[in-house]
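Residue-level listing of the chains:
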Amino acid sequence: SSGINAEYGGEAEVKKRLRDRGEPIKLFGETAKETYQRLRHLEMQEPTGSKSQTDFKSAMEKIDQEYLNEMLTELHGDTVKKREMKELLSLDEMKEQCKGIANQRIPPDPLFDMVGKFYRWLFDTWDQDGERAKSTRSANDLSWKMERAKIKQAEDYMKPLFRSLRRKTLDETLLRSFGTIAGAILNQDYIAANDQYLKTAIGNAAWPIGVTMVGIHARTGREKLFAHNVAHVLNDEVQRKYLQAIKRLMTFAQRYFPTDPSKCVEYNA
């Protein structure tokens, strides 16, 4: 169908991506559209295909190499240079600096700066938290190494986003979506942040697959299928990666800035 061809280059590519993930290429009674939707759902949940696994493996190797370098430095009698921790704003201070970040009427220009500042701050907070945890964990603690690898991987995934925010080239629909997610996190409403994340990742309109011209004349609302209601993120590997990084930042924020369980996603799960 046209939707599959537009995004994946045909059903063969859909099957290849499912096969790469170790998923069945076709379930009993499944239509091509349902197969396509299943793949999109899998990719939205966690891009755990071969590319993502390679990225994570590389991040783990970087952590091992950093620890090995520290060990060798100490063996040679040198002092390990401690990483300087810059003082970061508190949650309330960041709220004040990003006032109106979720306002859909705010002009794009100041929004680029606010969204960039917020996600840079949240990432740095996560990074420093991981660095502090390093001193309390043993070298063989796999959970610590995996957390540091996730931070390293997220840092790589976020670079294109920070670059497009600095250059003010990010698609405005995505910009406002990320602003809404940021506003919800600042208000510690993680349910609302997750809802907006899902809308950004998979959209909230019918899938634009197959025949989109119903009847003799085009429907007046037809263009909405290709604008705000359809996910931009799943159409591009780079965007898919930095959305995954934002999801990890949301998970960290919920742990680091705890709130009422009714505003949390999978609280204590």
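Throughout what follows, the structure given in this document is the object of discussion. (Residues numbered from 1 in each chain as written. Predicted model: local features only at pLDDT ≥ 70, side-chain atom pairs only at ≥ 80, totals over all residues. Heavy atoms only, no water.)

## Comments concerning unusual backbone geometry
Thought 1: One non-glycine residue, Lys 168, adopts positive backbone phi at about 60°.
Thought 2: Note that Lys 168 resides in the loop between α7 (142–166) and α8 (172–186).
Thought 3: The class of Lys 168 is partly exposed, set by a relative accessible area of 32%. (Helix = DSSP H or I, 4+ residues; strand = E, 2+ residues; numbered from the N terminus. Buried < 20%, exposed > 50% of the residue type's maximum accessible area, 1.4 Å probe, protein only.)

## A short note on the nonpolar core
A general tendency of soluble globular proteins is for nonpolar side chains to be buried together.
Thought 1: If you look at the biggest cluster of nonpolar residues, it comprises 45 residues, and the most contacted ones within it are Phe 118, Tyr 119 and Phe 178.
Thought 2: Of the residues forming this core, the biggest block, 10 residues, is contributed by helix α6 (residues 108–134).
Thought 3: Excluding residues within four positions of it along the chain, Phe 178 makes contact with Val 115, Tyr 119, Leu 161, Leu 170, Thr 200, Tyr 242, Leu 243 and Ile 246. (Core = buried A, V, L, I, M, F, W, Y, C linked by side-chain atoms within 4.5 Å. Contact = heavy atoms within 4.5 Å.)

## Brief notes about the pattern of salt bridges
Thought 1: By the definition in use, this model includes 12 salt bridges.
Thought 2: Between Lys 168 and Asp 113 there is a salt bridge; the shortest N-O distance is 3.0 Å. One end of the pair, Lys 168, is in the loop between α7 and α8; the other, Asp 113, is in helix α6, with 55 residues separating them in the sequence.
Thought 3: On the basis of relative accessibility, which here comes to 46%, the residue Asp 113 falls in the partly exposed class.
Thought 4: The partner of Arg 176 in a salt bridge is Glu 172, with the nearest N and O atoms 3.0 Å apart. On the criterion of helical spacing, the pair formed by Arg 176 and Glu 172 is a turn pair, its members being 4 residues apart in helix α8.
Thought 5: Here Arg 176 falls in the buried class, since its relative accessible area comes to 13%.
Thought 6: Residue Glu 172 is classed as partly exposed on the basis of its relative accessible area of 39%.
Thought 7: Overlapping salt bridges, with partners in common, bring together Lys 86, Arg 120 and Asp 124 in one network. (Salt bridge = Lys/Arg side-chain N within 4 Å of Asp/Glu carboxyl O.)

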